[in-house]
Amino acid sequence: MAEHPPYPVGLRLTGRRVVVLGGGQVAQRRLPALIKSGADVHLVSPEATPSVEAMADAGEITWHRRPYAEGDLADAWYALIATSDPDANTAASAEAEAHRVWCVRSDDADRATAWTPATGYSEGVTVAVLTTDARGRDPRHTAAVRDAVVEGLRDGTLVAPHFRTRTAGVALVGGGPGDPDLITVRGRRLLAEADVVIADRLGPRDLLAELPPHVEVIDAAKIPYGRYMAQEAINNALIEHAKQGKSVVRLKGGDPYVFGRGMEELHALTEAGIPCTVVPGISSSISVPGAAGIPVTHRGVAHEFTVVSGHVAPDDERSLVDWPSLAKLTGTLVILMGVDKIGRIAETLVAHGKSPDTPVALVQEGTTSSQRRVDATLATVAETVVAQDVKPPAVIVVGDVVAVGPDGTAA
Ligand SMILES: C[S@@+](CC[C@H](N)C(=O)[O-])C[C@H]1O[C@@H](n2cnc3c(N)ncnc32)[C@H](O)[C@@H]1O
């Protein structure tokens, strides 16, 4: 019997009689899944563990407080034999065979007519793992395979797209600062299910290379548009693809709502009647300084951090940033999109009271293999950026946290 692999099947036990012999640890482990399946479970055993007894008290199973007796398996569809009495197990096994009741034996897998797989659940699927023969039985290995599959499905490292139950629409996914490991579990799973991915220049671009060939990857930076049309063109691309019934992921750098225009895209999609979900991401404003060894707060050094955009200069009428007030803050200033304007920003901060010696760090392409950190002060940062050829994308950190060493002392 053990020469051939078992034939896997899913028993639909709702309302059907299942007999469990023995109320010990084996029953305790197996009963929850039987109860979950809706089976009419009858436990035959003089004793039971407190957990098994609780299941009987709760009415989840019917407990017959006596030893096994011939005839117990007559009306069963399925049986679990797990008493501590070898003779009872053998007799019950013979009765199961005579009545053609599939039965699991905890004491002798070789003689059993059925085996219990290692089982796990993930989003509408049951993962059940069996060994192929009795001699190769290694329950810890089957459990490990089950865990690997269930975990992989949960975190998206195992790609198994839904086909029938998938809903078309758009997911605005924050991809984190660039390191492919720094996307969220949910983001990664949605990416694994996408038909179309519209990706930014920033973010975890390495993940795009892992997508299966049928996935259409659109580089948002290359969508043709007129000078002020970029966002509109991206919105249109999202809407068009979703209208064709596709699952679309808009993969963005960092977090969609931190200088990411996420809400504009959400509005456009909502207006077009496209279902949209937003997945937060790890923002570069915190993670990029961290990757370069700079904490944005530190006990005794900074009790606040402020994230601002430096894409327009302080004296530009379009600027919404109150630079003179920022100069008066004692905490950390984190500037995104500020490489081009850092000279004017530093001048403004000093003019309004910040010390010219305030430490500044520029972290370029943080969390990627090209990451580099350049240090300066407010007085020197303009010339340092030119001399060191610092290029976007970079996060600029201004404040005493820049000088906090890894041992927690100011350097
Ligand atoms: C349009 S903003 C988007 C920010 C993004 N939504 C976030 O939460 O990180 C782009 C700016 O983020 C910063 N940035 C994003 N990723 C970065 C990285 N890996 N290294 C350095 N700066 C980065 C740069 O300042 C860049 O100019």
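Rules used in this analysis
Residues numbered from 1 in each chain as written. Predicted model: local features only at pLDDT ≥ 70, side-chain atom pairs only at ≥ 80, totals over all residues. UniProt positions renumbered as here; feature names shortened; annotations may be inferred. Buried ≥ 20, exposed ≤ 12 C-beta atoms within 10 Å, placed from the backbone. Helix = DSSP H or I, 4+ residues; strand = E, 2+ residues; numbered from the N terminus. Arc of directions from axis to C-beta. Domains from an automatic or database assignment. Contact = placed C-beta atoms within 7 Å. Nonpolar A, V, L, I, M, F, W, Y, C, P; charged D, E, K, R; others polar. Pairing = 2+ DSSP bridges. Axes fitted to C-alpha atoms, helices over the stretch in contact; angles between N-to-C directions.

You'll find the chain entered in an unreviewed UniProt entry as Uroporphyrinogen-III C-methyltransferase, with Streptomyces althioticus subsp. attaecolombicae given as the organism. Regarding the chain, the relevant UniProt record gives this comment under Catalytic activity (unreviewed entry): "precorrin-2 + NAD(+) = sirohydrochlorin + NADH + 2 H(+)". In its Sequence similarities (unreviewed entry) section, the UniProt record describing the chain reads: "Belongs to the precorrin methyltransferase family."

**Student:** Give me helix H11 (residues 342-351): which residues, what numbers.
**Tutor:** Of the residues making up H11, those classed as buried are Ile 342, Ile 345, Ala 346, Thr 348 and Leu 349. End-on view of H11: buried residues confined to an arc of 160°, all on one side of the axis. Immediately beyond the C-terminal end of H11, within one or two residues, lies Gly 353, with a positive phi of roughly 120°.

**Student:** Can you tell me about the domain arrangement of the chain, naming the residues and giving the values?
**Tutor:** Domain assignment breaks the chain into domain 1 (1-116), domain 2 (119-155), domain 3 (169-279) and domain 4 (285-403). Between domain 1 and domain 2, the C-alpha centre-to-centre distance is 22 Å. Counting residues at the interface gives nine residues for domain 1, matched by eight residues for domain 2. Classifying every residue of the side of domain 1 that touches domain 2 by side-chain character gives seven nonpolar, no polar and two charged.

**Student:** Explain the sheet that holds strand S16 (residues 372-377) to me, using residue names and the numbers behind them.
**Tutor:** Ordered in space as S13-S14-S17-S15-S16, the five strands form an open sheet in which the pairing is mixed. Two strands close off the open sheet at either side, each with one partner strand: strand S13 (305-309) and S16. Across the sheet, the mean angle from the axis of one strand to that of its neighbour is 20°, orientation sign disregarded. Across the face of the sheet, helix H9 (residues 284-291) comes into contact with S13, strand S14 (332-336), strand S15 (359-364) and strand S17 (394-398) while running at roughly 80° to S17.

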